[in-house]
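This is what each chain is made of:
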Amino acid sequence: MSQDRPIALDEYPIHQVPLSLKHVATGDRNAYDRCIFHVFDHHGRALLIAGLGVYPNTGVIDAYATLRLGDRLHAVRASDALTDDRMNLSVGPLRITVDEPLRRLTLHCAPDPADPASLSYEITWQAGFPAVWEPHHVQRRGDRLTLEGRRFVQAGRCTGAIRVAGEEIPVTAGEWTGTRDRSWGVRPIPGESDGRAEEHRPEGFHWLWAPVRFDDRFLMVIAQEDADGYRTLNEAVLVREGRPDAQLGWPQADITYRPGTRHPERAVVHLTDARKPLELGVEVLTSSPLAVGAGYPPADDWQHGTWQGRSWTDRRLYDLSDPAAHPMAAYGVTDHAARFTLDGRTGYGIFEHGSFGRHDPSGFATYTSVAP
């Protein structure tokens, strides 16, 4: 049996509660601390999504990367036992290095030694704007707290190279954009019964999350609504160098869906400032469902925080040309690399969207409802 001893981080005066930094202040098994990166070109050819998470009360650390090229999705997932070295952000072939906090990070994926054509990359992520807090996110199901998260978001530029299937794809600052999100708190991990909370499953859930980088400004838009259209999370903030952040009101999105689906093809998000109404135009370039490869619910092959045993690594290749092959993807959030327009400017970012069940403002009556 190992001894309970201080860890290296305990040397620093950064404690928030009278515990070692190997412990979190809650005993909730669903405690988590993780990140997600989006790296994509401006023509819709490639979308790389990578993330890493720590689950201290289940003793798990895991990471993933997915690359969409055409209709093929290359995925790498890795999981292991969490150690006391919390500064080591690596699992299997996947690693994140914090070179300069809030300014520069490196994303790394090593190839499979048995398959030199497998996905690998080395990418430097450079911040273009200060990190911005997102609204404090709280969700309950009945009396049970199911999610409480603190988050920040940031956009920047990326350089490096992605290698897959014998091809090297250069990642250049002028033709690629990178966004990232950091969050920590409590979020459901599979493997636990919801008990009576099952009685309080929502009739519907509607979600929009859009970090957008323009050359001289960064825009963050968030909207979460229930089946009636009641807004439970809201954000529209504009960040510019040397100027106070500007709030742009209550975003309202008019989304054009692909007929027979809830897959957005384009949208207009209506914003307001003190002078005039603003319209954020959205043109989807390429899409990656987070329930395929990336471990987000309702993925049926692997989800974040689940114990897979020591030194687990899995590589998959998914065909996204036939949506019927991945029926659960429609019930999970999808990240869309998109081109945005605002007040005569063109920018690039992520249009993350999920709409499940009833949503009266969109005209969706049930979980099977789709756009005409």
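Preceding block: the structure.
Residues numbered from 1 in each chain as written. Predicted model: local features only at pLDDT ≥ 70, side-chain atom pairs only at ≥ 80, totals over all residues. Heavy atoms only, no water.

A.B. asks: Now, about the overall build of the protein chain: what can you tell me, with residues and values included?
C.D. replies: Looking only at helices and strands, one finds zero helices and 23 strands in the protein chain. Since a compact globule built from 372 residues should have a radius of gyration of about 21 Å, the 20 Å found for the protein chain is in line with a globular shape. With the C-alpha coordinates of the protein chain rotated into their principal frame, the extents come out at 60 × 50 × 50 Å. Across the 372 residues that make up the protein chain, the buried fraction comes to 50%. (Helix = DSSP H or I, 4+ residues; strand = E, 2+ residues; numbered from the N terminus. Rg over C-alpha atoms; globule rule 2.2 N^0.38 Å. Buried < 20%, exposed > 50% of the residue type's maximum accessible area, 1.4 Å probe, protein only.)

A.B. asks: Provide a residue-level description of empty space enclosed by the protein, including the pertinent values.
C.D. replies: Applying the stated criterion to the full structure yields two cavities of 30 Å³ or more. Of the pockets and cavities examined, the largest cavity occupies roughly 50 Å³. As for the largest cavity, its lining consists of Ala50, Gly51, Leu52, Ala63, Tyr64, Leu94, Arg95, Ile96, Leu107, His108 and Tyr121. The set of elements that each furnish at least two residues to the lining of the largest cavity consists of strand 2 (46–55), strand 3 (60–69), strand 6 (94–100) and strand 7 (104–109). Of the residues assigned to the lining of the largest cavity, the class counts are eight nonpolar, two polar and one charged. Along its surface, the second largest cavity is lined by Arg34, Cys35, Gly51, Leu52, Gly53, Tyr55, Asp62, Tyr64, Tyr296 and His304. (1 Å grid on protein atoms, 1.4 Å probe; cavity = no way out; pocket = protein on both sides within 12 Å on 5 of 7 lines; lining within 4 Å. Points joined across faces, edges and corners; volume = space filled by probe spheres on them. Nonpolar A, V, L, I, M, F, W, Y, C, P; charged D, E, K, R; others polar.)

A.B. asks: How would you summarise the sheet that holds strand 17 (residues 246–247) if you had to cite specific residues and measurements?
C.D. replies: With respect to topology, nine strands assemble into an open sheet ordered 17-16-15-14-23-22-20-19-18, the strand pairing being antiparallel. Strand pairing shows two members of the sheet lacking a second neighbour, strand 17 and strand 18 (252–257), which therefore form its edges. Inspection of the sheet shows strand 20 (residues 277–289) paired to strand 22 (residues 334–342) by nine bridges, in the antiparallel sense. Looking at strand 22, one finds that glycine 281 is bridged to threonine 341. (Pairing = 2+ DSSP bridges.)

A.B. asks: Before we move on, could you go through the pairing of strand 8 (residues 120–127) and cite the residues and values that matter?
C.D. replies: Here six bridges tie strand 7 to strand 8, and the two strands are oriented antiparallel to one another. Bridge pairing in strand 8 places cysteine 109 opposite tyrosine 121. Note that strand 8 and strand 11 (residues 144–164) share eight bridges and pair antiparallel. Across the sheet, the residue bridging to isoleucine 123 is glycine 160, located in strand 11.

A.B. asks: Pulling in residues and values, what's your account of a nonpolar patch on the surface?
C.D. replies: A grouping of Met328, Tyr331 and Tyr367 is seen on the molecular surface, where their side chains present a nonpolar patch of about 290 Å² in accessible area. Turning to its location among the elements, tyrosine 367 is positioned in the segment after strand 23 (345–357). (Patch = residues over 30% accessible without salt bridge, like charges linked within 9 Å, V, L, I, M, F, W, Y side chains within 5 Å. Areas by Shrake-Rupley, 256 points an atom, 1.4 Å probe, with all protein chains shown as cover. Salt bridge = Lys/Arg side-chain N within 4 Å of Asp/Glu carboxyl O.)

A.B. asks: Break down the nonpolar core for me, citing the residues and quoting the values.
C.D. replies: With 33 residues, the main nonpolar core has Val39, Leu52, Leu67, Leu94, Tyr121, Ile123 and Ile162 as its most contacted residues. In this structure leucine 52 touches Asp33, Arg34, Cys35, Ile61, Asp62, Ala63, Leu89, Ser90, Val91 and Ile96, once residues within four positions along its chain are discounted. With 27 residues, the next largest nonpolar core counts Ile49, Phe129, Leu233 and Ala294 among its residues. (Core = buried A, V, L, I, M, F, W, Y, C linked by side-chain atoms within 4.5 Å. Contact = heavy atoms within 4.5 Å.)

A.B. asks: Got a sec to walk through the environment of arginine 275? Specific residues and values, please.
C.D. replies: Relative to the assigned elements, arginine 275 resides in the loop between strand 19 (264–272) and strand 20. Sequence separation of arginine 275 and aspartate 314 is 39 residues, and the distance between their C-alpha atoms is 52 Å.

A.B. asks: Would you mind going over the pairing of strand 13 (residues 176–186) in detail, with residue names and values included?
C.D. replies: Along strand 13, eight of the 11 residues are buried, which leaves the element largely enclosed by surrounding structure. Examined bridge by bridge, strand 1 (residues 31–41) and strand 13 share 11 bridges and lie antiparallel to one another. In the sheet register, aspartate 41 faces strand 13, and the bridge partner there is tryptophan 176. Inspection of the sheet shows strand 11 paired to strand 13 by nine bridges, in the antiparallel sense. Pairing of valine 153 across the sheet is with aspartate 181, part of strand 13.

A.B. asks: Talk me through unusual backbone geometry; I want residue IDs and the actual numbers.
C.D. replies: Residue proline 298 is bonded to the preceding proline 297 through a cis peptide linkage, with omega at 5 degrees. Along the chain, proline 298 turns up in the loop between strand 20 and strand 21 (312–319). Here the phi dihedral of leucine 102 falls at roughly 70 degrees; this positive angle occurs in a residue that is not glycine. Structurally, leucine 102 is set in the loop between strand 6 and strand 7. Backbone geometry at alanine 165 places phi at a positive 50 degrees, although glycine is not the residue there. Inspection of the secondary structure assignment puts alanine 165 in the loop between strand 11 and strand 12 (167–171). Residue class for alanine 165 comes out exposed when judged on its relative accessible area of 58%.

A.B. asks: So what about the environment of histidine 42? Which residues, and what values?
C.D. replies: If you trace the backbone, histidine 42 turns up in the loop between strand 1 and strand 2. For histidine 42, a relative accessible area of 8% puts it in the buried group. Considering only alpha carbons, one finds histidine 42 and alanine 338, 296 residues apart in sequence, at a separation of 8.0 Å. With residues up to four places along the chain from it excluded, the contact list for histidine 42 reads Gly174, Glu175, Trp176, Thr177, Arg213, Leu285, Arg339 and Tyr348. At 2.8 Å, the side chain of histidine 42 and the side chain of threonine 177 are in polar contact. (Polar contact = N/O pair within 3.5 Å; in protein donor to acceptor, adjacent residues only side chain to side chain.)

A.B. asks: Tell me about the packing of aromatic side chains, and name the residues and values.
C.D. replies: Counting across every chain of the model gives 10 aromatic pairs. Look at phenylalanine 152 and tryptophan 184: their rings are 6.2 Å apart centre to centre, the planes differ by 70 degrees, and that puts the pair in the edge-to-face class. With phenylalanine 152 in strand 11 and tryptophan 184 in strand 13, the pair connects residues that are 32 residues apart, well separated along the chain. Residues phenylalanine 205 and phenylalanine 356 carry aromatic rings whose centres are separated by 6.2 Å and whose planes lie at 10 degrees to one another, so their mutual orientation is stacked. In this pair, phenylalanine 205 sits in strand 14 (residues 204–213) while phenylalanine 356 sits in strand 23, placing the two residues 151 residues apart along the sequence. The buried category is assigned to phenylalanine 356, whose relative accessible area is 12%. One aromatic cluster in this structure is built from Trp133, Phe152 and Trp184. (Phe/Tyr/Trp six-rings, centres within 6.5 Å; stacked < 30°, edge-to-face > 60°.)

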